[in-house]
Amino acid sequence: MQQELSEVYFYLKGTLKYKRVAMLFALLVCTGAWSYVFLMEDKYESKAKVHIDSATVIRPLMRGMVIEPDVASLIRIIQQLMFTRPNLEKIAEIAQLKPANTNVSVNSSSIDELKAGIVISGGKSDIYDIAFSSNDPEKAKSVVQAVLTIFSEQTQGKALADAEIGRA
């Protein structure tokens, strides 16, 4: 026990001998890290969880197929349906990302940026996450709301079309 205590005392004495160097090093590291954190841009993310009845949405596309697709392929199909150029232009219009002049359409670079920023990820039991990140909190919120609006309009239109086909 005496040997262990003397060993601890030896290391404590060595640490106290270089405490000024250690404090200076810690001050430099902390100052650099704090400045990095304060200079970082703010990033806001808006998320929505939505239940998508993938059987209803994808039924017209999957007619004639015997094998049920897996969840990952369903997500890819839903993304392909959502990320068409007309849908992305509607999303930009609803989210008010369009320039003030209504005659000017949204350029392709902003459409590509919008397409890359919207993330649809899926989980079990047809519950999907729709997310968008931006430096502006209102933009993030409005884009996710616009995606939900466009998607609900499309699914309602397909449901009505399926109902009409069922009646005929």
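Residues numbered from 1 in each chain as written. Predicted model: local features only at pLDDT ≥ 70, side-chain atom pairs only at ≥ 80, totals over all residues. Heavy atoms only, no water.

**Comments concerning the sheet that holds strand 3 (residues 127-134)**
Stated formally: Strands are treated as partners if at least two bridges between them are detected by DSSP. To qualify as a helix, a DSSP run of H or I must reach at least 4 residues; to qualify as a strand, a run of E must reach at least 2; elements of each kind are numbered from the N terminus. Axis lines are fitted to C-alpha atoms, over the contacting stretch for helices. Their N-to-C directions set the angle, which ranges from 0 to 180 degrees.
The antiparallel open sheet is built from three strands, whose spatial order is 1-3-2. Each edge of the open sheet carries a strand with a single partner, namely strand 1 (44-51) and strand 2 (119-122). Strand-to-strand twist across the sheet, computed as the mean angle between neighbouring axes with direction ignored, equals 20°. One ladder, built from four bridges, connects strand 2 with strand 3; its direction is antiparallel. Across the sheet, residue S121 finds its bridge partner in strand 3, namely D129.

**Describing a nonpolar patch on the surface**
Here is the rule: A patch consists of residues whose relative accessible area exceeds 30% and which take part in no salt bridge; residues with like charges are grouped when within 9 Å of each other, and nonpolar side chains (Val, Leu, Ile, Met, Phe, Trp, Tyr) when within 5 Å. Here the open area of atoms and residues is found with the Shrake-Rupley method and a 1.4 Å probe, where only the protein chains shown may cover a residue. Between Lys or Arg on one side and Asp or Glu on the other, a salt bridge is scored when a side-chain nitrogen of the former is within 4 Å of a carboxyl oxygen of the latter.
Side chains of L24, L27 and L28 sit close together on the surface and give an oily, nonpolar patch of about 320 Å² of accessible area. Positionally, L24 belongs in helix 2 (residues 19-39).

**Quick look at the packing of helix 5 (residues 85-94) against helix 6 (residues 108-117)**
The condition that has to hold: In this scheme, roughly parallel covers angles under 35 degrees and roughly antiparallel covers those over 145, while 65 to 115 is roughly perpendicular and the rest are oblique. Contacts are assigned to residue pairs with any non-hydrogen atoms lying within 4.5 Å of each other. As a working rule, the residues Ala, Val, Leu, Ile, Met, Phe, Trp, Tyr, Cys and Pro are called nonpolar, Asp, Glu, Lys and Arg charged, and the rest polar, with Gly in that last group.
Packing of helix 5 against helix 6 brings their axes to within 10 Å, and their N-to-C directions diverge by 90°. Taken together, the axis directions place helix 5 and helix 6 in an arrangement best described as roughly perpendicular. Between helix 5 and helix 6, the contacting residues are R85, L88, E89, I91 and A92 on the first element and S108, I111, L114 and K115 on the second. Its residues assigned to classes, the contact of helix 5 with helix 6 shows five nonpolar, one polar and three charged.

**Observations concerning the pairing of strand 3**
Filter applied, for reference: Only protein chains enter the area calculation, which uses a 1.4 Å probe; residues under 20% of their type maximum are buried, those over 50% are exposed, and those in between are partly exposed.
With six of eight residues buried, strand 3 lies mostly within the body of the structure. Of the pairings in the sheet, the one linking strand 1 to strand 3 comprises eight bridges and is antiparallel in character. Paired with A48 across the bridge in strand 3 is I130.

**Notes on the confidence of the model for the chain**
Heads up, the condition is: Values of pLDDT, the confidence the predictor places in each residue, fall between 0 and 100.
Per-chain confidence: the chain averages 79 in pLDDT, with 71% of residues scoring 70 or above. Per-residue pLDDT, averaged within each element of the chain, yields its smallest value for helix 3 (residues 54-58) (60) and its largest for helix 2 (94).

**Details of the pattern of salt bridges**
Side chains bearing opposite charge may pair, as long as their charged atoms lie close to each other. Scanning the entire structure with this criterion turns up two salt bridges. K49 is the partner of D129 in a salt bridge, and the nearest nitrogen-oxygen pair spans 3.0 Å. Here D129 is found in strand 3, whereas its partner K49 is found in strand 1, with 80 residues between them in sequence. Here K49 falls in the exposed class, since its relative accessible area comes to 66%. Across the pair E89 and R85 runs a salt bridge whose closest N-O atoms are separated by 3.2 Å. One end of the pair is E89 and the other is R85, both in helix 5 and four residues apart, which spans about a single turn. Take E89: its relative accessible area is 31%, and that puts it in the partly exposed class.

**Details of the side chain of S46**
Locating S46 in the fold gives a position in strand 1. Leaving out residues up to four positions away in the same chain, S46 has contacts with I130, A131, F132, A140, K141 and V144.

**Focus on the environment of S110**
By the secondary structure assignment, S110 is in helix 6. Residue S110 is classed as partly exposed on the basis of its relative accessible area, which comes to 26%. Taking the C-alpha atoms as reference, S110 lies 9.8 Å from E89; in sequence the two are 21 residues apart.

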